[in-house]
Amino acid sequence: MYYGFDTSDENAAVGALLVYGIWRSRDTKRFKISPTVWGQVEQAVKSSSKRAMDLNDFIERLKPKLQCATIQPRWMWDGSGNTITMHADRSTGEIIQIEDKGRRVFWTQLLEDADHIVVLDRLYKRTSLIIALVRDRLEREKPLEARGLIKEEDIIDAEV
């Protein structure tokens, strides 16, 4: 598992993380969920990766297609530097496991270390896999969102 995606292919996970971050940061009022939304996302990823010279160019090409003005740091988290702590809920007495994600991440090191050619190749030639990885992670996060453990306002944004 790399970056929260259930895969052994790190390059595919890097591509999925980029798509995931842009998807989560999209303007939900302008880019709504419809029956064909994932087909649109898949086509946007494929066309953006085909024409991109590197991953930075891919990000810049994909953002407008998914109605993303800027990528929000809370969705850029790559899974590094986390510690697990326990918290007692005073109202119920229940002990809850909480991940402290540490400082905010902006993909600078990820983009520096990634093999841009290979990741772009995965994004273009294995687009269905990338979209499946993103959708799988979103589905795994749904129960956490329903329980209030993941909130859009939540993730490390307090220090702005």
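Right above here is the structure, for reference.
Each residue is numbered by its place in its chain's sequence as written, counting from 1. Given that this is a predicted model, residues contribute local features only at a pLDDT of at least 70 and side-chain atom pairs are listed and counted only at 80 or more, while totals for whole chains, interfaces and linings are drawn from all residues. Calculated side-chain values reflect all of the structure's heavy atoms, with hydrogen atoms and water omitted.

### Quick notes on the packing of helix H3 (residues 55–65) against helix H5 (residues 116–125)
At a minimum axis separation of 9 Å, H3 and H5 run at an interaxial angle of 35 degrees. Here Leu55, Asn56 and Phe58 of H3 come into contact with H5, specifically with His116, Val119, Leu120 and Leu123. Under the convention adopted here, Pro, Cys and the residues Ala, Val, Leu, Ile, Met, Phe, Trp and Tyr are nonpolar, Asp, Glu, Lys and Arg are charged, and Gly plus all remaining residues are polar. A class-by-class count of the residues in the contact of H3 with H5 yields five nonpolar, two polar and no charged. For helices, the axis comes from a line fit to the C-alpha atoms of the stretch in contact; other axes are also lines fit to C-alpha atoms, and the angle between any two N-to-C directions lies between 0 and 180 degrees. Under the DSSP-based scheme used, a helix requires at least four consecutive residues in state H or I and a strand at least two consecutive residues in state E, with every element numbered from the N terminus. We call two residues contacting when some pair of their heavy atoms lies within 4.5 Å.

### Describing the environment of valine 14
Take valine 14: it is sitting in helix H1 (residues 10–24). For the pair formed by valine 14 and leucine 55, sequence separation is 41 residues and the distance between their alpha carbons is 9.9 Å. Not counting the four nearest positions on each side in its chain, valine 14 is found in contact with Tyr3, Leu55, Leu110, Ala114 and Val119.

### What about helix H2 (residues 37–51)?
To estimate how far a helix should reach, multiply one less than its number of residues by 1.5 Å. Relative to the 21 Å expected for 15 residues at 1.5 Å per residue, H2 spans 21 Å between its end C-alpha atoms, a close match to the ideal helical length. Each residue gets one of three labels from its accessible area relative to the maximum for its type: buried under 20%, exposed over 50%, partly exposed in between, using a 1.4 Å probe on protein chains only. Within H2, the full set of buried residues consists of Val37, Trp38, Val41, Ala44, Val45, Ser47, Ser48 and Ser49.

### Section: the side chain of arginine 74
Topologically, arginine 74 is positioned in the loop between H3 and strand E1 (83–88). Judged by its relative accessible area of 15%, arginine 74 falls in the buried class. Within 3.5 Å is the distance limit for a polar contact, defined as a pair of N or O atoms, with the added protein rule that one can donate a hydrogen and the other accept it, and that residues adjacent in sequence qualify only through two side-chain atoms. A distance of 2.7 Å separates polar atoms of two side chains, one belonging to arginine 74 and the other to glutamine 72.

### Quick word on the packing of H1 against H3
Where H1 meets H3, the axes come as close as 10 Å, and the angle between the chain directions of the two elements is 30 degrees. Judged by the sense of rotation from one axis to the other, the crossing of H1 with H3 is right-handed. In contact with Val14, Leu18, Val19 and Ile22 of H1, H3 contributes Leu55, Phe58, Ile59, Leu62 and Lys63. The residue makeup of the contact of H1 with H3, split by class, is eight nonpolar, no polar and one charged. Rotating anticlockwise by less than a right angle from the far helix to the near helix defines a left-handed crossing, while the corresponding clockwise rotation defines a right-handed one.

### Quick notes on the pattern of salt bridges
Salt bridge, as used here, is a side-chain nitrogen of Lys or Arg placed within 4 Å of a carboxyl oxygen of Asp or Glu. With the rule as written, the count across this model stands at 10 salt bridges. The partner of aspartate 121 in a salt bridge is arginine 122, with the nearest N and O atoms 3.9 Å apart. Accessibility expressed as a relative area gives 29% for aspartate 121, which makes it partly exposed. Among the charged side chains, a salt-bridge network with shared partners connects Asp9, Asp121, Arg122, Lys125 and Arg126.

These results come straight from atomic positions and should not be treated as a statement about function.
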